[in-house]
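Each chain, letter by letter, is given below.
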Amino acid sequence: MSLELFMLLAAALLCVGLFGALTQQSIVMLMMGLELMLGGVITGAAAAWHYIAPTAPEGQVLVVLAVTAMAVEMAIGFAVVTALFRAREVDRTDMAAELKE
């Protein structure tokens, strides 16, 4: 596969994630859109690093760290959403915005 196909995949993931993040009101769906966007960025970075310097291990380490950070971010996000839902039955972004008042 060529670099262009990987970049096309990364751009598609980023666009689908952006669409999901901008159009959904459910907090879980918003987080899924953000994860798709992060996956697109990681895919593009990993593909570029593989084609620029295939023997350098720094790219692989960077991708593993990014995926680990993505998993931790998702776990913390789901914990916050679960706590919000259990405390106040909040599952939409407009309901969560009203918690400030």
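Preceding this paragraph is the structure being described.
Presented here is an overview of the structure given in this document.

Thresholds, definitions, all that
- Along every chain, residues carry numbers that run from 1 in the direction the sequence is written.
- pLDDT decides what is reported in this predicted model: residues at 70 or higher carry local features, side-chain atom pairs at 80 or more are listed and counted, and totals for whole chains, interfaces and linings draw on all residues regardless.
- Water and hydrogen atoms play no part in the side-chain values, which are based on all heavy atoms of the structure.
- Only DSSP runs of H or I with at least four residues qualify as helices, and only runs of E with at least two residues qualify as strands; both kinds are numbered from the N terminus onward.
- Put simply, the radius of gyration uses C-alpha atoms, and a globule should come to 2.2 Å times the residue count raised to 0.38.
- We call a residue buried when its accessible area falls under 20% of the maximum for its residue type, exposed when it is over 50%, and partly exposed in between, using a 1.4 Å probe and counting protein chains only.
- What makes two residues a contact is simply this: any of their non-hydrogen atoms within 4.5 Å.
- His residues and chain termini do not enter the charge count, which takes Lys and Arg as positive and Asp and Glu as negative.
- The atom standing in for a charge is NZ when the residue is Lys, CZ when it is Arg, CG when it is Asp and CD when it is Glu.
- The span you would expect from a helix comes to 1.5 Å times its residue count less one.
- Summarising the geometry, the arc corresponds to the directions from the helix axis toward the C-beta atoms.
- The patch calculation keeps residues exceeding 30% relative accessible area without a salt bridge and links them within 9 Å when they carry like charges or within 5 Å when they are nonpolar (Val, Leu, Ile, Met, Phe, Trp, Tyr).
- Computed with the Shrake-Rupley method and a 1.4 Å probe, the accessible areas treat only the protein chains shown as cover for residues.
- By convention in these notes, a salt bridge is any Lys or Arg side-chain nitrogen within 4 Å of a carboxyl oxygen on Asp or Glu.
- Here, axes are lines fitted to C-alpha atoms. For helices the fit covers the stretch in contact, and angles between N-to-C directions go from 0 to 180 degrees.
- Angles are sorted into four bins: roughly parallel if under 35 degrees, roughly antiparallel if over 145, roughly perpendicular if 65 to 115, and oblique for all others.
- In this classification, Asp, Glu, Lys and Arg are treated as charged, Ala, Val, Leu, Ile, Met, Phe, Trp, Tyr, Cys and Pro as nonpolar, and every other residue, Gly included, as polar.
- Note on ring pairs: Phe, Tyr and Trp rings are taken, using the six-membered ring of Trp, and paired if centres are within 6.5 Å. Classes follow the plane angle, with under 30 degrees stacked, over 60 edge-to-face and the rest tilted.
- Left-handed describes a crossing in which the near helix is turned anticlockwise from the far one by less than a right angle; the clockwise case is right-handed.

The next thing to look at is the overall build of the protein chain. Helices and strands together make up the secondary structure of the protein chain, namely four helices and zero strands. Mapped in sequence order, the helices and strands of the protein chain form the string α-α-α-α. Its C-alpha atoms give the protein chain a radius of gyration of 17 Å, clearly above 13 Å, the size a compact globule of 101 residues would have. The dimensions of the protein chain, computed from C-alpha atoms along their principal axes, are 50 × 25 × 20 Å. Of all 101 residues assigned to the protein chain, the portion counted as buried reaches 22%. Counting only contacts in the protein chain whose residues sit at least 6 apart along the sequence, the fraction spanning at least 24 positions is 66%. Distance between charge centres in the protein chain, computed from 4 positive and 9 negative side chains, equals 12 Å.

Time to look at helix α1 (residues 3-23). In this model, α1 (21 residues) spans 30 Å end to end at C-alpha, consistent with the 30 Å of a helix rising 1.5 Å per residue. By the burial criterion, the buried members of α1 are A10, G17, G20 and A21. Considered in projection along α1, the buried side chains sweep an arc of 95° and stay on one side of the axis. Exposed and facing more than 90 degrees away from the buried side of α1 are E4, L8, C15, F19 and L22. Buried positions along α1 lie against α2 (27-52).

A few words now on a nonpolar patch on the surface. Taken together, the side chains of M1, L5, L8 and Y51 present a nonpolar region at the surface, about 450 Å² in accessible area. Considering the arrangement of structural elements, one finds Y51 in helix α2. You can call Y51 partly exposed: its relative accessible area is 35%.

A word on the packing of α2 against helix α3 (residues 58-88). In the contact formed by α2 and α3, the axes pass within 10 Å of each other and the chain directions differ by 175°. Between α2 and α3, the crossing angle belongs to the class labelled roughly antiparallel. Of α3, the residues touching α2 (which contributes I27, V28, M31, M32, E35, L38, G39, I42, A46 and W49) are E58, G59, V63, A66, V67, M70, E73, M74, G77, F78 and V81. A breakdown of the residues in the contact of α2 with α3 according to their chemical character gives 15 nonpolar, three polar and three charged.

An ideal rise of 1.5 Å per residue puts 38 Å on 26 residues; α2 measures up with 37 Å between its terminal C-alpha atoms. Every buried residue of α2 is accounted for by I27, M31, G33, E35, G39, G40, I42, G44, A47 and A48.

The next subject is the environment of F85. Turning to its location among the elements, F85 is positioned in helix α3. Beyond its immediate chain neighbours, meaning those up to four positions away, F85 contacts V90 and D91.

Turning our attention to the packing of aromatic side chains. Per the counting criterion, the structure on display carries one aromatic pair. A centroid spacing of 6.4 Å and a plane angle of 50° characterise the contact between F6 and Y51, whose relative ring orientation is tilted. On the criterion of sequence distance, the pair formed by F6 in helix α1 and Y51 in helix α2 is long-range, its members being 45 residues apart.

Packing of α1 against α2 leaves a shortest axis separation of 7 Å and a crossing angle of 165°. The pairing of α1 with α2 is recorded here as roughly antiparallel in orientation. The handedness of the crossing between α1 and α2 is left-handed. Split by residue class, the contact of α1 with α2 holds 18 nonpolar, six polar and no charged.

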